[in-house]
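# Summary of structural features
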Amino acid sequence: MSSTSSIENATSSFDWVEGTFIVIKKSLAIFPSYHYSKVAELVKKHLESNYKTPEDLFNSLNNKSSKRSIDYILLGFSLDHGIGTIPNSIKAFLEFQKAANAEDSFGQFFLGYCYRNGIGTSKDERKSFELFSKAAKAGNTNAQNSLGVCYQNGLGTTKNVEKAFKLYLKAVKAGNINAQINLGLCYRNGWGTMKNEEKAFKLYSKAEQAGHTSAQYSLGLCYNNGWGTTKNEEKAFELFSKAAEAGNTSAQYNLGLCYYNGSGTAKNEEKAFELYSKTVEAGNTNAQNSLGLCYQHGIGTTRNEKKAFELYSKAAQAGHTSAQYNLGWCYQNSLGTTKNSEKAFKLYSKVAEGGNKNAQLNLGWCYQNGIGTMRNEKKAFELYSKSVEAGNTNAQYNLGWCYQNGIGTTRDAKKAFELYSKAAEAGNTNAQTNLGWCYQNGIGTIGNEKKAFELYTKAAKAGNANAQYNLGVCYRNGIGTTRNEIKAFEHYSKAAEAGNTNGQYNLGVCYRNGIGTTRNEKKAVELYSKAAKAGNTTAQYDLGWCYQNGLGTIVNKEKAFELYSKVAKAGNTNAQYNLGWCYQNGIGTTRNEKKAFELYSKAAEAGNTNAQTNLGWCYQNGIGTMRSWKKAFELYSKAAKAGNANAQHNLGLCYQNGIGTMRNEKKAFEHYSKAAKAGNTSAQYNLGWCYQNSFGTKKNLEKAFKLYLKVTEGGNENAQLNLGLCYQNGWGTTKNLAKAFKLYSEPAKAGNRIAQYNLGLCFGTTRN
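Read on for a plain summary of the structure. (Residues numbered from 1 in each chain as written. Predicted model: local features only at pLDDT ≥ 70, side-chain atom pairs only at ≥ 80, totals over all residues. Heavy atoms only, no water.)

The final tally for this structure, using the stated rule, is 32 aromatic pairs. Every member of this aromatic cluster is reached through a ring pair, and the members are Phe-77, Phe-96, Phe-109, Phe-110 and Phe-132. When the ring centre of Tyr-260 is taken as reference, the NZ or CZ atom of Lys-267 above it lies at 4.7 Å. (Phe/Tyr/Trp six-rings, centres within 6.5 Å; stacked < 30°, edge-to-face > 60°. Lys NZ or Arg CZ within 6 Å of the ring centre and 35° of its normal.)

Packing of helix α2 (residues 16–28) against helix α5 (residues 69–81) brings their axes to within 10 Å, and their N-to-C directions diverge by 65 degrees. By the angle class used here, α2 and α5 are roughly perpendicular. In this structure, the crossing between α2 and α5 has a hand that is left-handed. Contacts between α2 and α5 involve Val-17, Glu-18, Thr-20, Phe-21 and Ile-24 from the former and Ile-70, Asp-71, Ile-73, Leu-74 and Phe-77 from the latter. The residue inventory of the contact of α2 with α5, partitioned by class, reads seven nonpolar, one polar and two charged. (Axes fitted to C-alpha atoms, helices over the stretch in contact; angles between N-to-C directions. Helix = DSSP H or I, 4+ residues; strand = E, 2+ residues; numbered from the N terminus. Parallel < 35°, antiparallel > 145°, perpendicular 65-115°, else oblique. Left-handed = near helix turned anticlockwise from the far one by under 90°. Contact = heavy atoms within 4.5 Å. Nonpolar A, V, L, I, M, F, W, Y, C, P; charged D, E, K, R; others polar.)

Judged by nonpolar contacts, the single largest core of 234 residues is most densely connected at Ile-24, Val-43, Phe-77 and Phe-110. Apart from residues no more than four positions distant in its own chain, Phe-110 is found in contact with Ile-24, Leu-28, Ile-73, Phe-77 and Phe-96. (Core = buried A, V, L, I, M, F, W, Y, C linked by side-chain atoms within 4.5 Å. Buried < 20%, exposed > 50% of the residue type's maximum accessible area, 1.4 Å probe, protein only.)

What follows covers the environment of Arg-627. Here Arg-627 lies in the loop between α35 (609–621) and α36 (629–641). The exposure class of Arg-627 is exposed, given its relative accessible area of 52%. Ignoring any residue separated from it by four or fewer positions in sequence, one finds Arg-627 in contact with Tyr-619, Gln-620, Asn-621 and Gly-622. Among the polar contacts made by the side chain of Arg-627, one reaches the main-chain carbonyl oxygen of Gln-620 at a distance of 2.8 Å. (Polar contact = N/O pair within 3.5 Å; in protein donor to acceptor, adjacent residues only side chain to side chain.)

It is worth spelling out the state of the cysteines at this point. Inspection of every chain in the model, using the stated rule, returns zero disulfides. No disulfide involves Cys-582; its nearest neighbouring cysteine sulfur is the one of Cys-618, lying 14 Å away. Its sulfur unpaired, Cys-690 is 14 Å from the next cysteine sulfur, which belongs to Cys-726. According to the relative accessible area criterion, Cys-690 is buried, its value standing at 0%. (Disulfide = S-S within 2.5 Å.)

A complete count under the given rule lists 13 salt bridges for this structure. Note that Arg-126 and Glu-130 form a salt bridge whose closest N and O atoms lie 3.6 Å from each other. Taken together, the residues span about one helical turn, with Arg-126 and Glu-130 both in helix α8 (residues 125–137) at a distance of four residues. For Arg-126, a relative accessible area of 43% corresponds to the partly exposed category. The exposure class of Glu-130 is partly exposed, given its relative accessible area of 38%. Among the salt bridges present, the one from Arg-591 reaches Glu-593, with a minimum N-O distance of 3.7 Å. (Salt bridge = Lys/Arg side-chain N within 4 Å of Asp/Glu carboxyl O.)

If you want it as structure tokens, here you go:
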């Protein structure tokens with residue numbers, strides 16, 4: 001026989017009015033306060049069994065000239081729940097007050113209930129506590145249970161979990177089922193007693209047998225989490241289902257979680273969404289937060305960021321910490337609302353104080369990047385550390401980054417490697433990617449390109465865009481795997497699709513140079529543009545180069561100048577060098593040699609060898625500064641040591657002509673040789689001249705001829721003249737006046753006087 005049927009049958013031998021009171025009295029020990037509407041239903045059933053209507057009860061009580069305490073209580077209950085009359089909470093309060101004034105413990109209990117919930121009066125937790133205390137002393141088990149709740153939560157009194165535990169225990173011994181649930185909570189959480197999940201499980205089981213919906217829910221939690229019993233997700237699902245059918249909102253929410261996670265049942269996101277929605281109507285903040293997640297990510301419903309924001313806001317106002325965190329995320333990322341970094345920072349701060357590891361992580365990110373607050377790398381490091389202690393794998397990754405780069409702490413590659421390893425094991429794909437980088441470059445560990453490749457592959461399979469980009473680099477350069485340009489192209493494509501700007505840029509490089517795909521300069525420009533818009537400075541620089549030289553687009557020197565300017569401000573030395581070139585030659589801007597000199601100087605200080613070379617040229621020729629051959633020679637020397645071919649050529653000129661140093665034909669020849677090997681055409685021409693004129697080396701007309709021939713193909717006019725001389729005089733090749741004539745003709749038409757003179761000699765020779 002169920003507990004409710006026993007309540008109905010136990011009153012058959014009593015006066016029907018008194019029997020109604022007994023129904024209420026017994027039901028209070030079974031139904032939690034939020035289910036007092038079910039008590040009202042039992043009252044109506046009891047009246048039906050006695051052939052009475054709710055109106056009969058109310059009129060009988062209301063018309064009594066002399067009323068007992070139970071009459072006042074029954075009147076108050078009828079007025080509160082609209083049994084036989086229109087609901088009137090103020091009148092209900094007054095009736096309960098009359099019973100309480102008569103020192104009736106149930107009257108005191110109900111009046112305390114009114115003060116606690118603001119029924120018919122202003123909410124007053126202190127008065128509620130006093131009334132529960134009086135009724136509890138008189139042995140009222142419902143009051144003992146409610147007084148325990150006051151001590152447990154600090155309602156109207158100082159929080160005291162030990163006193164709460166004792167009161168629950170007392171009420172349980174007297175048979176109060178609601179108190180069994182609360183006593184179970186104490187044992188489960190170690191409130192006022194030693195933690196004992198087995199005892200909690202037994203108490204929930206006993207209450208569940210009596211049909212208590214909260215017990216069904218709590219017992220479901222035990223099976224779901226393995227508290228005091230063997231974990232059994234199927235049983236948990238059954239119990240949540242029972243309690244949910246009975247209207248328990250917490251059970252409805254957890255049943256939604258079961259459907260969402262496929263726990264104890266088949267995964268069903270639509271059902272999860274339905275249950276969350278149902279529970280939200282009852283004001284369940286967990287459900288509000290979860291329903292917000294559904295709308296945010298399109299789980300079981302259409303994606304709706306505005307609704308997600310509204311639900312997070314509602315739950316956050318009620319103090320739900322996860323919702324406060326999610327609301328912070330909305331403000332940080334303009335999700336369903338206008339971006340507000342300050343609000344995001346405040347919300348993360350609030351939740352982080354309560355120990356939320358995700359909020360600590362995001363708050364650290366705010367401090368690291370100056371989002372909604374002043375940048376403070378030390379605080380960022382501290383917050384990441386706290387979050388790591390709480391077991392946050394994402395924070396392990398961020399903390400590793402701090403150690404790797406010396407953010408808020410001393411640089412420590414070994415610690416960075418350890419943290420990346422831990423987070424990578426837990427499945428963090430960013431950590432897997434960075435761990436791969438550590439193995440690739442020997443950061444905090446011995447270099448191992450094969451392991452790096454394996455880690456990039458793992459993270460790339462999970463969809464990590466940075467890993468896909470790095471994997472593309474591996475295939476392109478043969479790092480930890482066989483070189484494969486087609487696969488490199490594929491991985492750059494995947495990274496680019498995911499919005500990775502390095503992937504977009506490198507995919508552009510592939511199209512520009514025909515790496516792993518057909519050459520397509522137009523597509524290269526499109527990809528550079530995409531990455532440039534997202535702030536990738538390398539892409540901005542290359543896009544500037546494309547506009548300057550008309551590569552894949554129409555020449556636009558003004559745009560080239562703008563892009564170089566933007567990237568130069570970000571500290572890109574190549575851009576500073578190119579911007580200097582623009583100012584020196586009036587490309588996309590007004591010619592300004594002083595600015596050119598300044599930009600070359602800035603880039604040269606940062607080690608840019610092209611800038612060092614051009615700065616040397618400025619000093620050599622007095623461009624934007626006072627002429628100084630000595631400084632020019634020093635700068636050429638510095639850049640030449642770093643392997644810059646133009647600098648090696650210019651250094652050769654210095655030694656040849658005694659510019660900033662003593663004349664030295666042998667050293668001039670050596671530097672021309674180095675620059676020529678690196679493909680510098682001017683050096684190749686000068687090296688040919690050295691061989692032709694035995695300058696710093698033995699005369700070798702064959703080598704001179706070959707060098708002139710090579711440089712002539714590239715359009716060098718001086719080389720054409722000297723090659724013509726070779727053919728005219730048979731130097732290093734067979735004499736061939738026709739070829740000499742042809743070589744002199746082109747520069748002669750362009751106005752070259754030496755070519756015109758040599759061409760005249762050819763005509764004279766032909767006549768003779």
